[in-house]
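What follows is each chain in one-letter form.
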Amino acid sequence: MSKALAARSLVALVIVWTLLLLAPYWLPPFGGYTALGTRVLVLALAAMSVNFLLGFTGVLSFGHAAYFGLGAYGAGLSLKFLTMSSPLSIFYGMLLAGIAGAILGALIVRRRGVYFAMVTIAFGQVFYYIAFQWSSLTGGDDGLRGFSRQPLDFGLFSVDILSNANAFYYFVLFFFALVTAVMAVILRSPFGRTMVAIRENERRARFLGIPVERHIWIAFTLSCFFIGVAGALYALTNNFADPRGLHYSQSGDFVMMAVMGGMRTFWGPLLGAAVFVILQDYLSSVTVNWMSFVGLLFVLVVLFFPRGLLGFIRPTSKA
Amino acid sequence: MNILDIRNVSKRFGNLVAVREVSLAVARGELRAIIGPNGAGKTTFFNLISGFFPPTAGAIVFDGRDITALPAYRRVALGMARTFQITEIFPELTVFENVRVGAEMKAGYGLRPYLGRTETAAIKRAVDEVLDLVGLQAKAHRLVGELAHGDQRCAEIAMALSLAPHLLLLDEPTAGMGDQETYQITQLVRRLHREKNCTIVLIEHDMRVVFHLADRITVLDQGALLAEGSPQEIAANTAVQEAYLGKTA
């Protein structure tokens, strides 16, 4: 990476983290509220997980809501039956999503392009219908209730993340930071570079000795672990897990956030999620057809900023 | 011992027999050219050697090991690298980044989630060495997709070289190049062969290049082996002249 580019990404890093760390303080003056920031973080993490595959491996999954939902149900069910620890419930949610992703991923990775997307939708819908039908465990159409996030117990003191919105925001931000740091480290590693190689030219990647299917499977599994964390945080945010969170239209929302924000950039999906959530928040109080405005914006972005809202900042040449 | 031993391989696509019972032995350190008219099955033959697809019949032995059933990436790990007739590169990455992928695979870092300082420095040295060799050092930080055609071909050769192969397969390295670039590539291939002691098999249309470089020449026609011999023998071969040289002359 050239010096100019390194400086640029350092500046981006400082801006992003300053904004995120201070969000509970600058959001209210702009008419926002902390819970809105929390929603942005959670959905951004999901969109970044989808983009880990889409933007950096070149593989479009249209079924990632399934693993998002598994993370949510995993966290909800473990809080209900297994543990009183919020962080542990996130761990369980992540584990459930990641393991399911590893198993199904092995069946999916040989497909390419549209076929890959279709198979991911199909497997995703399986989980949607399971959550929908298995009412005794999942609450069916009503969703999973009867659990709530628990205060963080540090022995000497505890932090109330249930009623203190700011505390919960920082709780979510902590996990967001953890997962995005892991993502960033992987993307800068030799393994991450093989992902980009596969995105750029699968044939060349294969003839450089990369076992392409195995690497896509690993990237797919990792992204399922990541989105599992997002799903678990989503369940804790709402104290509720909804079967619609597993539906493929939810997967479509994640893809839309990633593409709108800029799928070739690391932080693009965060911007995409912010635009999406904020538009939803304001427009849904004005009209029930808020989605058509989001859709219109999406079309405009794709037409005029094909690299996404953040994409145009990126230089085309590093020379 | 021969580095490459191909025994009676055939490739059939439905009713079309693209390669028909071709045998070929390449000695270690040799520079072999494969020529033949369009549709002779040269690229299909290359695809069989490199593992792009498996042969319908026959066996391929590389370095004393039967690799007939091995997928391409395993053959790369055993020391085989190739380029393509239509350049296959990572267009949105820089020249350096393109070559680094190969160097890291060669070093066995493919699954590493992290690379230490000394390892990173060693990789950078390996990449720089290859870029010096092909003369792309000055363009190391340009995006490969923005380079001229000739430089892109060189970048692809550099990627193959980053794997430090025992056997290098070049599919028409001078395709689409002007005289000056063709000369440069010819010089490069000769240097690789002499200085790096690399066994090279190349497909080439430009007869000047072929007769200038090759130790031995294999001629394919309609999927079958037509002739094999030294450049002098091939030039004097009447069957070859009829099938191939006669038509282009």
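Residue positions are given per chain, counting from 1 as you read along its sequence in written order. Chain letters start at A and ligand numbers start at 1, both assigned in the order the entries are written. In view of the model being predicted, local features appear only for residues whose pLDDT reaches at least 70, and side-chain atom pairs are presented and counted only at 80 or more, with totals across whole chains, interfaces and linings using the full set of residues.

**A closer look at the overall build of chain B**
Helix and strand definitions here come from DSSP, where helices need a minimum of 4 consecutive H or I residues and strands a minimum of 2 consecutive E residues; each element is numbered from the N-terminal end. When helices and strands are counted, chain B shows nine helices and 10 strands. Just to be clear, the radius of gyration here is over C-alpha atoms, and the globule rule we use is 2.2 Å times residues to the power 0.38. Its C-alpha radius of gyration of 18 Å places chain B within 12% of the 18 Å reference for a compact globule of 249 residues. Expressed along its principal axes, the backbone C-alpha trace of chain B runs to roughly 60 × 40 × 35 Å. Once local pairs closer than 6 in sequence are excluded, the contacts in chain B between residues at least 24 apart make up 66%. Contact between residues is assigned whenever the C-beta positions, reconstructed from backbone atoms, fall within 7 Å.

**Focus on the overall build of chain A**
Tallying secondary structure elements over chain A gives 13 helices and two strands in all. A compact globule built from 319 residues should have a C-alpha radius of gyration of about 20 Å, and chain A, at 19 Å, falls within 12% of that. Dimensions of chain A, computed from the C-alpha atoms along their principal axes, are close to 55 × 45 × 45 Å. Burial analysis of chain A (319 residues in total) assigns 51% to the buried set. Considering only intrachain contacts with a sequence separation of at least 6, the fraction spanning at least 24 residues in chain A is 73%. Remark: C-beta atoms are placed from the backbone, and a residue is labelled buried if 20 or more other C-beta atoms sit within 10 Å of its own, exposed if 12 or fewer do, or partly exposed between those counts.

**Side note on the sheet that holds strand E5 (residues 65-66) of chain B**
All names here are of chain B. Strands were regarded as paired on the criterion that DSSP finds at least two bridges between them. Judged by pairing direction, the sheet is antiparallel, and its four strands sit side by side in the order E2-E1-E4-E5 without closing on themselves. Edge positions in the open sheet fall to strand E2 (16-27) and E5, since each of these has one partner strand only. The pairing of strand E1 (residues 2-13) with E2 spans eight bridges and is classified as antiparallel. Its bridge partner lying in E2, Asp5 is registered against Ala25. Against the sheet, helix H1 (residues 42-50) makes contact with E1, E2 and strand E4 (57-62), and its axis sits at roughly 60° relative to E2, the strand it touches most. Think of each axis as a best-fit line through the C-alpha atoms, taken over the contacting stretch in the case of a helix, with angles from 0 to 180 degrees between the N-to-C directions.

**Here we look at the domain arrangement of chain B**
Residue and element names in this part refer to chain B. On domain assignment, one finds that chain B holds domain 1 (1-79 + 166-249) and domain 2 (86-164). All domain edges in this entry derive from an automatic or database-based domain assignment. A C-alpha centroid distance of 25 Å is found between domain 1 and domain 2. Sorting elements by how many residues they give to the side of domain 1 that touches domain 2 places helix H6 (residues 179-195) first, with three residues. Any residue outside Ala, Val, Leu, Ile, Met, Phe, Trp, Tyr, Cys, Pro, Asp, Glu, Lys and Arg is labelled polar, Gly included; the first ten of those are nonpolar and the last four are charged. Of the residues assigned to the side of domain 1 that touches domain 2, the class counts are six nonpolar, one polar and one charged.

**Here we look at the interface of chain B and chain A**
Many analyses report the size of an interface as the accessible area lost when the parts associate. The interface is formed by 31 residues belonging to chain B together with 23 residues belonging to chain A. Of all the elements in the fold, those that place two or more residues in the side of chain B that touches chain A are helix H2 (72-77) and helix H3 (95-106) of chain B. The element that contributes the greatest number of residues to the side of chain B that touches chain A is H3(B), accounting for five residues.

**A look at unusual backbone geometry**
The backbone of A:Asn239 sits at a positive phi, close to 50°, despite the residue not being glycine. Of note in the backbone geometry, B:Glu172 takes a positive phi value of approximately 50° without being a glycine. Here B:Glu172 shows up in the loop between strand E7 (167-171) and H6.

**Focus on the pairing of E1(B)**
Residue and element names in this part refer to chain B. The antiparallel pairing of E1 with E2 creates a hairpin that spans two residues between the two strands, and Gly14 there sits at a positive phi of about 60°. Pairing of E1 with E4 involves five bridges; the strand directions are antiparallel. Residue pairing across strands places Asp5 opposite Val61, the latter belonging to E4.

**Thoughts on the pairing of E7(B)**
Residues and elements named next belong to chain B. For E7, a buried count of five out of five residues is recorded, marking the element as mostly surrounded by other parts of the structure. Of the two faces of E7, the one lined by Leu167, Leu169 and Asp171 and the one lined by Leu168 and Leu170 are each fully buried. Here strand E6 (residues 80-82) pairs with E7 via three bridges, running parallel. Note on E7: the bridge partner recorded for Met80 is Leu167. Here E7 pairs with strand E8 (residues 199-203) via five bridges, running parallel. What sits directly across from Leu170, in E8, is Leu202. A crossover gets the label right-handed when its path from the first strand over the helix to the second runs clockwise, viewed with the strands pointing away from the viewer. At this point the chain moves from E7, through H6, to the parallel E8, and the crossover so formed is right-handed.

**Re the environment of A:Gly155**
Residue and element names in this part refer to chain A. Inspection of the secondary structure puts Gly155 in the loop between strand E1 (152-153) and strand E2 (158-159). Residue classification places Gly155 among the exposed residues on the basis of 5 C-beta atoms within 10 Å. Sequence-wise, Gly155 and Gly101 are 54 residues apart; in three dimensions their C-alpha atoms are separated by 35 Å.

**Details of the sheet that holds E7(B)**
Residue and element names in this part refer to chain B. The strand order across the open sheet built from six strands is E6-E7-E8-E3-E9-E10, with neighbouring strands paired in mixed fashion. Strand pairing shows two members of the sheet lacking a second neighbour, E6 and strand E10 (224-229), which therefore form its edges. Across the sheet, the mean angle from the axis of one strand to that of its neighbour is 15°, orientation sign disregarded. Across the face of the sheet, H1 comes into contact with strand E3 (31-35), E6, E7, E8 and strand E9 (216-221) while running at roughly 150° to E7.

**A word on the packing of helix H2 (residues 34-54) of chain A against helix H7 (residues 165-187) of chain A**
Residues and elements named next belong to chain A. Between H2 and H7, the least distance of the axes is 9 Å, while the angle of their chain directions is 15°. In terms of axis orientation, H2 runs roughly parallel to H7. Of the two possible hands of crossing, H2 and H7 adopt the one that is left-handed. Residues Thr34, Ala35, Gly37, Thr38, Leu41, Val42, Leu45, Met48 and Phe52 of H2 form the contact with H7, whose participating residues are Ala165, Asn166, Phe168, Tyr169, Val172, Leu173, Phe176, Val179, Thr180 and Met183. Partitioned by chemical class, the residues of the contact of H2 with H7 number 14 nonpolar, five polar and no charged. Each angle receives one of four descriptions, namely roughly parallel if under 35 degrees, roughly antiparallel if over 145, roughly perpendicular if within 65 to 115, and oblique otherwise. Working rule for handedness: look at the near helix, and if it is turned counterclockwise from the far one by less than a right angle, call the crossing left-handed; if clockwise, right-handed.

**Regarding helix H1 (residues 3-26) of chain A**
Residue and element names in this part refer to chain A. Expected span of a helix: the number of residues minus one, times 1.5 Å. Under the 1.5 Å per step criterion, the end-to-end length of H1 is 32 Å for 24 residues, consistent within 8% with the ideal 34 Å. Two axes define the bend at a residue: one fitted to the seven residues ending there, one fitted to the seven starting there, and the bend is the angle between them. Leu20 marks where H1 bends most, by close to 40°; the proline Pro24 follows one to four residues later. For H1, the buried fraction is low: one of the 24 residues fall into the buried class.

**Some words on H6(B)**
Side chains three or four residues apart in an α-helix point the same way, a direct result of the helix having 3.6 residues per turn. All names here are of chain B. In this model, H6 (17 residues) spans 24 Å end to end at C-alpha, consistent with the 24 Å of a helix rising 1.5 Å per residue. When we look at burial in H6, the residues that qualify are Ile185, Thr186, Val189, Leu192 and His193. In a view along the axis of H6, the buried residues occupy a sector of 125°, so they form one face of it. Along H6, exposed side chains directed more than 90 degrees from the buried face belong to Gln180, Arg194 and Glu195. Close packing links the buried residues of H6 with E3, helix H5 (149-161), E7, E8 and helix H7 (207-213). Directly beyond the C-terminal end of H6, a positive phi value near 60° is found at Asn197. The arc in question is formed by the directions pointing from the helix axis toward the C-beta atoms.

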